[in-house]
Amino acid sequence: MPSLEHPAYPAADLLRLESLVPCRESQVSMLLSLFGERQQFSFPSIFIYGHTSSGKTYVMKTLLTTLQLPHVFVNCVEYFTSRLLLEEILIQLQSCSSGTEQTSPVHCDTLNDFVRLFKQAVASQELEGQTLYIVLDRAEQLREMEANILPAFLRLQELTDRNVTVILLSEIVWELFRPNIGCFEPFTMYFPDYSIGHLQKILSQNHPPEYSADFYAAYINILLGVFYMVCRDLKELRHLAALNFAKYCEPVVRGEANERDTRKLWKNIEPHLKKAMQTVYLREISSSQWERLQHDGGEPGQLKGLSAHTHVELPYYSKFLLIAAYLASYNPVRTDKRFFLKHHGKIRKTNFMKKHEKTSNHLLGPKPFPLDRLLAILYSIVDNRVAPTANIFSQITSLVTLQLLSMVGQNDQLDGPRYKCTVSLDFIRAIAR
Amino acid sequence: QHRHLLELLKRTTVHGESNSALIIGPRGSGKTALLNHVLKDLREMKQVRENLLEKPFLPGLLQTNDKVALKEITRQLQLENVVGDKVFGSFAENLAFLLEALRKGDRSSSCPILFVLDEFDLFVHHKNQTLLYNLFDISQSAQTPVTVIGLTCRQDILELLEKRVKSRFSHRQIYLMNSFDFKQYIKIFKKQLSLPAEFPDESFAQKWNNNVQHLSEDKTVQDVLQNLFHHTKDLRSLHLLLMLAVSAVTVHHPLLTAADLQEASRQHSTDSKANIVHGLSVLEICLIIAMKHLNEVYDGEPFNFQMVYNEFQKFIQRKAHSMYNFEKPVVMKAFEHLLQLELVKPLERPSARAQREYLLMKLLLDSSQIMDALQLYPNCPTDVKQWAASSLSWL
């Protein structure tokens with residue numbers, strides 16, 4: 001039963017629209033009632049916000065193309081300066097009104113010129129009387145452009161005195177957009193996130209034809225069970241679903257289980273999905289690498305990711321240098337004496353230390369240390385004697401270039417250079433093996 | 001105020017006096033509407049129609065600097081050096097020419113010009129305020145009768161003017177305030193919703209207007225309007241609310257009901273950040289709760305990712321049975337999603353030197369907002385909810 005009804009638009013179009021945008025009927029009907037009939041003036045500006053991949057761009061595009069309303073669609077990340085943005089709008093207007101692909105270059109520097117050229121462009125035949133929609137995607141970039149772009153777009157209907165509505169799509173709420181001295185408030189609309197039922201419905205829609213819908217629905221159920229707590233992003237889930245489906249079907253293909261044997265399928269897929277969370281979800285390895293790994297049988301070895309630590313090969317002394325740097329960064333100077341000398345004295349806990357015990361150094365980040373301290377710690381942790389040759393010093397500089405250490409302060413400090421260690425404990429542990 | 005403005009403009013056009021005035025009022029109080037109304041009245045007065053009234057209208061949002069404004073003025077006045085649609089010459093030449101043209105006329109033989117500057121405060125920020133200086137200068141000297149009317153929403157506009165500009169300004173200010181009370185508000189509500197007499201379908205118009213009358217006497221509707229009235233007297237918000245309500249009217253549901261208005265009011269006043277929090281995943285909610293606890297313990301001092309992760313670990317080890325202990329990079333990705341949604345904001349720009357995990361941030365949500373949003377959150381595991389509500393006595 002069609003739930004989208006509107007007297008101005010033909011029912012066949014509305015039915016098709018409904019099939020293309022599942023789970024978004026109430027938002028689309030609200031938009032339709034705002035748009036009204038083709039020649040009626042609508043609200044000058046509409047602001048739509050919602051989570052990542054909650055369907056804002058998709059629904060807007062499908063709505064405008066299915067109902068064939070004249071529109072201009074611009075992504076503000078692609079056209080990131082005001083001049084690019086305004087020129088692109090005018091170019092798209094040309095193709096909108098003349099119906100052909102021919103566009104002549106347009107020169108438009110300021111908003112003033114834009115308004116003038118816009119009035120000329122809209123005066124053509126096809127656009128006569130119909131509302132023109134300008135859709136600006138990723139509208140949060142408008143805040144970074146000149147200060148008058150956003151208020152001007154919100155009032156475009158008033159400034160140009162034509163039948164035009166500006167629609168802004170963004171992830172960020174309107175309160176963070178509002179300029180300091182106020183502006184014309186747009187009509188704000190929220191696209192709610194998909195619930196787990198909705199996600200299931202949408203994901204199960206694109207099942208491959210070889211398997212039944214129930215089989216795929218069960219697979220989606222398992223996938224959502226593992227990933228739903230972490231991520232609700234439709235695009236990511238779709239990506240993961242497509243990648244892991246082959247592995248899920250393996251037992252069926254090999255003949256070990258039939259489609260209904262859920263326990264076996266679950267046991268097969270579960271460690272695989274856990275591995276996927278660490279790698280493909282984090283985009284540490286690309287999807288083609290993942291597929292190749294699946295093909296090769298996938299022995300449970302270490303997956304080499306983008307930030308995998310094990311394949312960073314450092315020479316012998318560099319490893320010690322790095323460990324010494326880590327110790328120097330994270331241990332306070334007071335404790336050096338205790339850890340590194342053969343005969344240490346007792347350290348009395350003073351009041352000062354008691355108060356500051358709570359914020360451990362691990363939480364606040366590495367502290368800078370002078371070069372002498374690094375060398376001192378190095379000598380004490382390396383077993384055999386180390387001579388302070390130029391070799392050691394050059395290794396320190398190469399660590400800085402690799403960004404495993406970072407230099408703090410200016411180059412020409414009189415006390416000697418100070419460094420900071422920029423790697424984490426896991427890295428150090430991996431190196432120390 | 002209407003009369004005041006009308007009088008002013010009449011004096012310019014009929015008697016040839018030069019004037020300047022500023023119309024000041026908060027946003028949405030109808031400054032542009034007032035001006036348009038007055039101009040319409042003016043055009044209908046017989047004396048004025050005999051004089052030619054030129055009207056350069058300069059919206060402040062579009063004129064970003066004086067050069068652009070000057071071009072626009074010359075274009076609208078259609079002066080001689082406009083060839084086709086192009087205006088050339090340097091800024092100084094243009095200004096001199098314009099002034100010449102205006103100066104040649106005197107009281108009897110030239111037509112009065114009305115300059116309307118919308119968003120006057122933006123003109124004040126131009127370099128040296130040259131345009132304003134020149135316009136006010138002309139309005140003070142006895143040449144072509146010129147009236148300059150500025151519209152602005154800033155109360156302190158006079159302080160922003162330079163001394164020489166301020167002295168040439170006639171200090172005539174017209175204030176527009178939304179000074180009606182609730183009864184008049186309801187009357188405005190009725191008037192906005194009623195259909196005009198020219199509506200084609202007479203019987204429907206009659207039914208609709210009766211319904212509107214009914215509604216304005218209904219107690220729940222009055223409550224809704226009272227709420228909005230306490231929040232802002234601005235008529236634009238009333239429009240938005242009515243727009244939301246009217247969009248529920250369809251062919252099957254032809255008359256507006258009190259429930260529609262209540263629904264519209266609820267939608268109008270939802271907290272948008274709560275909506276965003278509603279759509280986060282459980283891991284992200286846990287991170288936000290961890291940040292809330294950190295804010296409470298450290299009295300609002302900024303935190304970094306490492307601290308938040310620590311809190312999360314403590315929660316997992318002690319209390320959680322439904323949350324799986326996620327790896328650190330996965331938690332980092334959730335944290336970066338929160339950054340992208342601008343619920344958490346770094347205190348300074350991230351540099352190449354500092355590691356991302358140790359960058360100091362602050363949370364842009366209030367703790368009461370978080371608690372309210374958690375109530376509405378679907379399928380929230382109970383131990384997460386209890387963690388949120390607990391106070392940290394075991395730190």
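Each chain has its residues counted from 1, following the order in which its sequence is written. Written order determines the labels here, with chains lettered from A and ligands numbered from 1. With pLDDT at 70 or above as the cut-off, local features in this predicted model cover only qualifying residues; side-chain atom pairs require 80 or more to be listed or tallied, and sums for whole chains, interfaces and linings still use all residues. In computing side-chain properties, one takes all heavy atoms of the structure into account and sets aside hydrogens as well as water.

A.B. asks: How would you sum up the overall build of chain A? Please name residues and give values.
C.D. replies: Each helix corresponds to a stretch of at least 4 residues labelled H or I by DSSP, and each strand to a stretch of at least 2 residues labelled E; elements are numbered beginning at the N terminus. The helix and strand inventory of chain A stands at 19 helices and 8 strands. Only protein chains enter the accessibility calculation, which uses a 1.4 Å probe; a residue whose area is less than 20% of its type maximum is buried, one above 50% is exposed, and one in between is partly exposed. For chain A, buried positions account for 46% of its 433 residues. Only heavy atoms enter the contact rule, under which two residues are in contact if any of them lie within 4.5 Å. Taking all contacts inside chain A whose residues are at least 6 apart in sequence as the whole, residues at least 24 apart take part in 70%. The Shrake-Rupley method, run with a 1.4 Å probe, gives the accessible areas here. Residue values count only the displayed protein chains as cover. Accessible area for chain A stands at about 22,500 Å²; split by element, carbon and sulfur atoms hold 53% of it.

A.B. asks: Hey, could you go over the pairing of strand β1 (residues 19-24) of chain B for me, with residue numbers and the actual values?
C.D. replies: All names here are of chain B. With 6 of 6 residues buried, β1 is to be regarded as a mostly interior element. What you see with β1 is no split at all: Asn19, Ala21 and Ile23 on one side and Ser20, Leu22 and Ile24 on the other are buried throughout. Two strands are counted as paired when DSSP detects at least two bridges linking them. Of the pairings in the sheet, the one linking β1 to strand β6 (residues 146-152) comprises 6 bridges and is parallel in character. Paired with asparagine 19 across the strands is threonine 147, a residue of β6. Across 3 bridges, the pairing between β1 and strand β7 (residues 173-175) is parallel. By the bridge assignment for β7, isoleucine 24 is matched with tyrosine 175.

A.B. asks: Give a description of the packing of aromatic side chains that names residues and reports values.
C.D. replies: Two rings from Phe, Tyr or Trp (for Trp, the six-membered ring) form a pair when their centres are within 6.5 Å of each other. A pair whose planes differ by under 30 degrees is stacked, one over 60 is edge-to-face, and the rest are tilted. Per the counting criterion, the structure on display carries 10 aromatic pairs over all chains. Ring centres 5.7 Å apart and planes at 15° place the aromatic pair Trp174(A) and Phe177(A) in the stacked group. For Phe177(A), a relative accessible area of 3% gives the class buried. Here the aromatic rings of Phe305(B) and Phe335(B) are separated by 5.1 Å at their centres, their planes lie at 50°, and the arrangement is tilted. Within this pair, whereas Phe305(B) is found in helix α17 (residues 305-318), its partner Phe335(B) is found in helix α18 (residues 328-340), the two being separated by 30 residues in sequence. The two residues Phe305(B) and Phe335(B) agree in class, both being buried. Ring-pair connections join several aromatic residues into one group, and the members of that group are Phe47(A), Tyr49(A), Trp174(A), Phe177(A) and Tyr190(A). Two limits define a charge over a ring: the Lys NZ or Arg CZ must be within 6 Å of the ring centre, and within 35 degrees of the ring normal. Between Lys61(A) and the ring centre of Phe73(A), over which it is positioned, the NZ or CZ distance is 4.5 Å. Of note, Arg143(A) hangs over the ring of Phe177(A), and the distance from its end group to the ring centre comes to 5.1 Å.

A.B. asks: Can you tell me about the sheet that holds strand β7 (residues 405-408) of chain A, naming the residues and giving the values?
C.D. replies: Residues and elements named next belong to chain A. Pairing within the open sheet is antiparallel, and its 3 strands lie in the order β6-β8-β7. Two strands bound the open sheet, and with one partner strand each, they are β6 (369-370) and β7. Note that β6 and strand β8 (residues 418-421) share 2 bridges and pair antiparallel. Directly across from proline 370, in β8, lies its bridge partner arginine 418. Strands in contact with helix α13 (residues 316-330) are β6, β7 and β8; relative to β8, the strand with the most contacts, it is inclined by about 95°. Whenever a helix is involved, its axis is fitted only over the stretch in contact; in every case the axis is a line through C-alpha atoms, and angles between N-to-C directions fall within 0 to 180 degrees.

A.B. asks: Please give an account of α18(B) that cites residues and values.
C.D. replies: Given a helix with a known number of residues, its expected span is that number minus one, times 1.5 Å. A rise of 1.5 Å per residue sets the reference length of α18(B), with its 13 residues, at 18 Å; its end C-alpha atoms lie 18 Å apart and thus fit the reference within 8%. Among the structural elements, α11 (262-278) of chain A together with α16 (282-298), α17, β8 (344-346) and β9 (361-363) of chain B are those in contact with the buried residues of α18(B). The first or second residue beyond α18(B) is Glu342(B), which carries a positive phi of 60°.

A.B. asks: An account of helix α1 (residues 11-20) of chain A is requested, with residue identities and associated values reported.
C.D. replies: Residue and element names in this part refer to chain A. Among the residues of α1, those classed as buried are Asp13, Leu14, Leu17 and Glu18. Viewed end-on, α1 has its buried residues packed into an arc of 135°, placing them on one side of the element. Seen from the buried face of α1, the exposed residues on the opposite side, beyond 90 degrees, are Ala12 and Ser19. Where α1 is buried, its residues touch α2 (25-35) and α3 (56-66). Note that the arc is defined by the directions from the helix axis to the C-beta atoms.

A.B. asks: Break down the confidence of the model for chain A for me, with residues and values.
C.D. replies: On average, residues of chain A score 74 in pLDDT, and 74% of them reach the 70 mark or higher. Low pLDDT, under 50, characterises residues 298-307 of chain A; the predicted model gives this stretch 14 contacts beyond four residues in sequence or across chains. Within a predicted model, pLDDT stands for the predictor's per-residue confidence, ranging from 0 to 100.

A.B. asks: Outline unusual backbone geometry, listing residues and values.
C.D. replies: Backbone phi values are negative for most residues with the exception of glycine, while trans is the configuration of most peptide bonds. In the Ramachandran plot, Arg138(A) falls in the positive-phi region, its phi being about 55° despite a non-glycine side chain. For Arg138(A), a relative accessible area of 37% corresponds to the partly exposed category. Unusually for a residue other than glycine, Glu342(B) sits at a positive phi of about 60°. Along the chain, the position of Glu342(B) falls in the loop between α18 and β8.

A.B. asks: Summarise the environment of Val344(B); cite the residues concerned and give the values.
C.D. replies: Residue and element names in this part refer to chain B. In this structure, valine 344 sits in strand β8. Taking the C-alpha atoms as reference points, valine 344 and methionine 332, separated by 12 residues in sequence, lie 13 Å from one another. If sequence neighbours within four positions are ignored, valine 344 has contacts with Met291, Phe335, Leu338, Leu339, Met361, Lys362 and Leu363.

A.B. asks: Summarise the pattern of salt bridges; cite the residues concerned and give the values.
C.D. replies: When a carboxyl oxygen of Asp or Glu is within 4 Å of a side-chain nitrogen of Lys or Arg, the pair counts as a salt bridge. Applying the stated criterion across every chain yields a total of 5 salt bridges over all chains. A salt bridge links Arg143(A) to Glu342(B); the nearest nitrogen and oxygen atoms lie 3.1 Å apart. With Arg143(A) in the loop between β3 (132-137) and α6 (149-154) and Glu342(B) in the loop between α18 and β8, this pair bridges two chains. Here Lys333(B) ties to Glu236(A) by a salt bridge, and the two come within 3.2 Å at their closest N and O atoms. Of this pair, Lys333(B) sits in helix α18 while Glu236(A) sits in helix α10 (residues 234-254), on two different chains.

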